[in-house]
Structures are given as structure tokens and as C-alpha cells.
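The lines below spell out each chain.
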Amino acid sequence: MAEYIVIRPRFDETTEISHAFCNCMTDYLCMTSKSFIDLSQDDAVKAKVEETLKENPTAKVIFFNHGNTEALIGNDKQPVIDKDNVQLLAHREYTITLACEWGADGGVEAWRQGCLAVLCYVDVVSFTTDALPQFEKAFTAAFFLREQSLEWKDILTEVKDLMGTLANELAGEGKFMASACMAYNKDILRIYNGEIPATRCVGRWLAITFLGKRGWKIPSPSQALHWLKKP
Amino acid sequence: MNNRELALLALEADAKQKPNEKVHAGELVFTYKEAIEKIRQGDKLAIKLVLNPLMQSLKSKSFRAKVIQTLGLERT
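Residues numbered from 1 in each chain as written. Chains lettered and ligands numbered in written order. Predicted model: local features only at pLDDT ≥ 70, side-chain atom pairs only at ≥ 80, totals over all residues. Heavy atoms only, no water.

## A look at a negative patch on the surface
Stated precisely, the cut-off is as follows: Think of a patch as exposed residues, more than 30% relative accessible area, with no salt bridge, where like charges cluster within 9 Å and nonpolar side chains (Val, Leu, Ile, Met, Phe, Trp, Tyr) cluster within 5 Å. Areas reported here follow the Shrake-Rupley algorithm with a probe of radius 1.4 Å; residue values treat only the protein chains shown as occluding. By convention in these notes, a salt bridge is any Lys or Arg side-chain nitrogen within 4 Å of a carboxyl oxygen on Asp or Glu. Positive charges are assigned to Lys and Arg, negative charges to Asp and Glu, while His and the chain termini are left out of the count. By convention, charge coordinates are those of NZ in Lys, CZ in Arg, CG in Asp, or CD in Glu. Classification of residues uses two cut-offs on accessible area relative to the type maximum, computed with a 1.4 Å probe and protein chains only: under 20% is buried, over 50% is exposed, and between them is partly exposed.
A surface patch of negative charge is lined by A:Glu151, A:Asp154, A:Glu158 and A:Asp161. Look at A:Asp161 and you get partly exposed, because its relative accessible area is 48%.

## Concerning the side chain of A:Thr97
Heads up, the rule is: Only runs of H or I of at least four residues qualify as helices and only runs of E of at least two qualify as strands under DSSP, and these elements are numbered from the N terminus. Contact between two residues is taken to exist if any of their heavy atoms lie within 4.5 Å; hydrogens are not considered.
Looking at where A:Thr97 falls in the secondary structure, it is placed in strand β6 (residues 95-98). Dropping the residues within four chain positions of it, A:Thr97 is found in contact with A:Phe63, A:Phe64, A:Leu72, A:Trp102, A:Leu119, A:Cys120 and A:Tyr121.

## Description of the interface of chain A and chain B
Accessible area lost upon the coming together of the parts is a frequently used measure of interface size. Definition in use: Accessible area, probed at 1.4 Å, shrinks when two parts are joined; the buried area is that loss added up over both. Whenever two N or O atoms come within 3.5 Å, that pair is a polar contact, provided that in protein one can donate a hydrogen and the other can accept it, and provided that, for residues adjacent in sequence, both atoms are side-chain atoms.
If you look at the interface, chain A gives 26 residues, while chain B gives 24 residues. For the pair chain A and chain B, the two sides together bury roughly 2100 Å², of which 59% comes from carbon and sulfur. If you look at where chain A meets chain B, you find 3 salt bridges. Seen at the junction of chain A and chain B, the total is 12 residue pairs in polar contact (both at pLDDT 80 or more). Secondary structure elements with two or more residues in the side of chain A that touches chain B: α1 (13-21), β8 (126-128), α6 (152-172) and α7 (176-188) of chain A. The leading source of residues in the side of chain A that touches chain B is α7(A), at 8 residues.

## A look at the sheet that holds strand β1 (residues 22-25) of chain B
Applied cut-off: What makes two strands pair is DSSP finding at least two bridges between them. Where helices are involved, their axes are fitted lines through C-alpha atoms of the stretch in contact, as for all axes, and angles between N-to-C directions lie from 0 to 180°.
Judged by pairing direction, the sheet is antiparallel, and its 3 strands sit side by side in the order β8(A)-β1(B)-β2(B) without closing on themselves. Each edge of the open sheet is held by one strand with a lone partner, namely β8 of chain A together with β2 (28-31) of chain B. Here the strands of the sheet are splayed against their neighbours by 15° on average, with no regard to which way each runs. Here β8(A) pairs with β1(B) via 3 bridges, running antiparallel. Of the residues in β1(B), the one forming a bridge with A:Thr128 is B:Val23. In the packing of α1(A) onto the sheet, the strands contacted are β8 of chain A together with β1 and β2 of chain B, and the crossing angle to β1(B) comes to about 85°. Sheet strands touched by helix α2 (residues 32-40) of chain B: β8 of chain A together with β1 and β2 of chain B. Its angle to β2(B), the strand with the most contacts, is close to 105°.

Encoded structure:
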């Protein structure tokens, strides 16, 4: 069984770059002889992803591509992970993503379903082509820090510190947009682990206030409706 | 000078120095020059994804000082 599953579609200008961001991680996994499955391009579609996740129930998951609040998007521009199959991420040591907005809902759901740590972003992720090495370093830092057995709480601090430092350096080089993107990515980065995800919903806030982490276990009206509609 | 004007000047400086470089925000891809044009046309997505993060960074005194220094606006 594989220890890691890397999912990295490549179908447009942005995913050409996000696909390449993964190379430093796959190179590391090759060099350290760790077993991994690289679901790249045509392999990064729902059927293949589901099959691979089922066959490797303890593998750590790395996903780099587009996303939205509810889904991670595959090579056919269709969801590969959404509310119908997010339970396939349960009981894994982590799911690391580089995907827009998934942390606002889907990432929370992955954590609710039992994924032990979920690294995600709660808004649109951005980067600029005049600072690709710096963005690659920022987006992959959590993976390498975890390989050094750091705790997730410390990883979040370290990655945010790194992004802050890189943003300052980029501003110093006169790369203002790159710096602003880096700083914004820092603000929207989340790691759902021991920490209880924040919420804007008053009902959820009350549930968390009174029940703690269990407050997230109560389904929202939209989740309840989704389950009821499920065949 | 307000943050919006300063952000646009910073973007213009980026566009002048690096005409071929692009900003990727979600599924949107703009050259800096295209981003400026879209923002000036009032494109809501360009404003949200490009201008707003720059204006957010300009709230930091050190970032603002670097922009002002680089653009040579100390005396304005």
C-alpha cells in the first residue's frame, strides 16, 4: 500500500504551474524511497481518485489544483472530492491542499468526517509568475515540516511565519503584487486539526460554544438536505 | 494619497518592470497591465482578487513605506 497519494491535474495555465509546484515533493518521495501514487493529469479524475483512496485507506493525501467551497477539481474540470465522497479522507494522517476556497466548507467537512489534519485555504489562492520559487516554497512548506515530525500547531505557525517573511522580502525587491498575494495566502491558510474551525453561522457558533468540537458534528441544514437527497 | 491610488501605482510599477509576468488568482490569469485595465473598468473580480489584497497589504506600515520609497513618493 502506498504511503502518499499525490493528486495533481494539469489542464490550464494555472494548473501547469501548480502541477510543477508538486515536483519538489515527488522528487523528495523518490529520493527517500517512500511509496507514493502520482495521480497526474488524466489519472486525476473522480473514478481513479476514489479507487486509489479506497485501495490505500491510510495514505496521506496531497492535492494541488483548482477548488471551490465544496469540491476539489479534477483533470476533467469535474469534482474529484466533494460531499459525496469526502468520507474517503477519513482517518488519514493528513490531507494537504493547494485549492481555492475548499477550507471554507469542504475542508471542514473532511475534518468533521475524521481526517486528522486538513491544510486548506478559505478564499481564492493567488500567486504571481515573477516569484514562483517563493510561492512553491510557501505552498509545499507544510509537507516538508511534517516530514520532520513537527506538530500541526507548530507547522501552521512556521508556515505563516515563512509566508510573512517571504512577503516582506518580495516587497523589498519591489515585487508588490507578489508580496500582497503571499500575505493574502497567509491570512486565508488554515490547518484543521486540534483547533476548532471558526464559523460565521450563529447556530453553529452557539453549538461550538456549548458543545466544543462536537458542535461541528451537528449537520447544517444544507448538509442534512444533501444527505436526505442521497439515493 | 489613498490606498486605492497607491495600490494602482504599485501595480503600474510592477507592470512597467515586468510586462510579461502574470497574476494567477483562482481560475483568472491576468498580466499586470490587464489587471490594471480591468480594475479601471470596474471589473468586480479583478478588484476583489488583485486590488483588494494589495490594499490590504498597504495597511501594513512597513509595506506602505516600501511602496512609497520605491515609487519615489516620499515628498507627496
